[in-house]
Amino acid sequence: MSKDYYAILGVSKNATEIEIKKAYRKLALQYHPDRNPDNKEAEEKFREVNEAYQVLSDPQKRAQFDQFGRVFDENGSSGFSGQDFGSTIFEEFFGDVFGDFFGGARGARQRKRPRKGSNIEVNVEIEFLEACFGISKKVKVPKTANCKRCDGTGAEPGGVTTCNTCHGTGQITQRQGFFTLSTTCPQCGGTGEFIKDRCKECKGEGSVREYKTLEVKIPAGIENNMTLRISGGGNDGIYGGPAGDLFVHVKVKEHEYFRREGRNIILDVPISFVDASLGTSLNIPTIDGSETIKIKPGTQPDEKIVLKGKGVPDVQGYGIGNMIINLKVVIPTKLSKKQKELLETFKKESNEDTYSSEKSLWEKMKSFFNS
Ligand SMILES: [Zn+2]
Ligand SMILES: [Zn+2]
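The structure reproduced in this document is the subject of the present report. The model shown is predicted, which means the values in this text are computed figures rather than measured ones.

What follows deals with the packing of helix H2 (residues 17-31) against helix H3 (residues 40-56). Where H2 meets H3, the closest approach of the two axes is 9 Å, and the angle between their N-to-C directions is 160°. Put simply, H2 runs roughly antiparallel to H3. As for how H2 packs across H3, the hand of that crossing is left-handed. Contacts from Ile 20, Lys 21, Tyr 24, Leu 27, Ala 28 and Tyr 31 of H2 reach H3 at Ala 42, Lys 45, Phe 46, Val 49, Asn 50, Tyr 53 and Leu 56.

This next bit is on the packing of aromatic side chains. Applying the stated criterion across every chain yields a total of four aromatic pairs. For the pair Tyr 5 and Phe 65, a centre-to-centre distance of 4.7 Å together with 40° between the ring planes defines the contact as tilted. One end of the pair, Tyr 5, is in helix H1 (residues 5-9); the other, Phe 65, is in helix H4 (residues 59-68), and 60 residues separate them in sequence. Taking the relative accessible area as the measure of exposure, Tyr 5 reaches 5% and is therefore buried. An aromatic cluster of at least three residues, connected via ring pairs, comprises Tyr 5, Tyr 6 and Phe 65. The ring of Tyr 211 has Lys 140 lying over it, and the distance from NZ or CZ to the ring centre is 5.3 Å.

A full pass over the atoms with the stated rule returns 16 salt bridges. Note that Lys 40 is salt-bridged to Glu 43, the shortest N-O span being 3.9 Å. In this pair, Lys 40 and Glu 43 both sit in helix H3, three residues apart, roughly one turn of the helix. Using a relative accessible area of 42% as the deciding quantity, one classes Glu 43 as partly exposed. With its nearest N and O atoms 3.6 Å apart, the salt bridge here joins Glu 215 to Lys 138. Note that Glu 215 is positioned in strand S7 (residues 207-218) and Lys 138 in strand S2 (residues 135-146), a separation of 77 residues in sequence. One salt-bridge network, in which partners are shared between bridges, spans Lys 3, Arg 47 and Glu 51.

Cut-offs used in this document
Residues numbered from 1 in each chain as written. Chains lettered and ligands numbered in written order. Predicted model: local features only at pLDDT ≥ 70, side-chain atom pairs only at ≥ 80, totals over all residues. Heavy atoms only, no water. Axes fitted to C-alpha atoms, helices over the stretch in contact; angles between N-to-C directions. Helix = DSSP H or I, 4+ residues; strand = E, 2+ residues; numbered from the N terminus. Parallel < 35°, antiparallel > 145°, perpendicular 65-115°, else oblique. Left-handed = near helix turned anticlockwise from the far one by under 90°. Contact = heavy atoms within 4.5 Å. Phe/Tyr/Trp six-rings, centres within 6.5 Å; stacked < 30°, edge-to-face > 60°. Buried < 20%, exposed > 50% of the residue type's maximum accessible area, 1.4 Å probe, protein only. Lys NZ or Arg CZ within 6 Å of the ring centre and 35° of its normal. Salt bridge = Lys/Arg side-chain N within 4 Å of Asp/Glu carboxyl O.

Shown next as structure tokens:
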């Protein structure tokens, strides 16, 4: 069973945006609960009118309604499951002017509505290996907290009186023809209160600055320049609102040997051209100890050895990286007489087969120079 939103607003199917807006404004004012206290029928009408406007004022929803006779929500089911969107859309539409229309109470209340505290940002520097395994760090955070003596009001106990400019409403109301216009009371800034004795502790600020030491859990696998967000770790909320968030910018120091590429640990390992030629086994450091690796005979410069699962865990928990060993073949720069002789002998003993992996390259070069 679906409703005819056009009929509810009393407009035709071809109604323009402006006609819909006009019809909505008229009906919403007529059925508003503030004007119809304890009138169930009006309440239901008001809800219907809001629902109709919500659909017809949104081109996408209106098109859906025109085509299917109903509107689908994100889950694919149809219609509105009794959610109360009436008052929010109403406030969006009419804003503060309408609040004032029914007297200043609504406006004054809004000015004291709870607000989220501000966020705090801190920088933390950790060691390379701490980033690999995760660590708990104590972080000193400058925080604005509500003053305990005055409970954030900024007044000494008993030091608050009702503002006598606005008589506690927080607003100054002026009549202008049909409408009454309200502005925030300049004396009390809209709180409706006047502080005659300022709090001795916070000097009337309502808040105090203090350093708090927080324990921040830095997850394994965090990378340089990542930021952690700790919900509720920021400054206290205002008028009972939730605390802000704490943002921890993490700097990871460089390591003498290891590098990171995402989840992988990179290590350059120098080996002599002799070891590369003959093969050997090496004991190399890993992030959690050491490991013996085999260098196979005939290892080429920049060949890599991959140690599976010896990297860093993904910071989001998706698996673990590898350790990648870059073999840097080192050519000697200082040779003794004896070493030179041995290499000369080695040279005489060498032919194309000695460098079989390069053979095709030799061949190409030869044909290039002989052509
Ligand atoms: Zn005032
Ligand atoms: Zn205080």
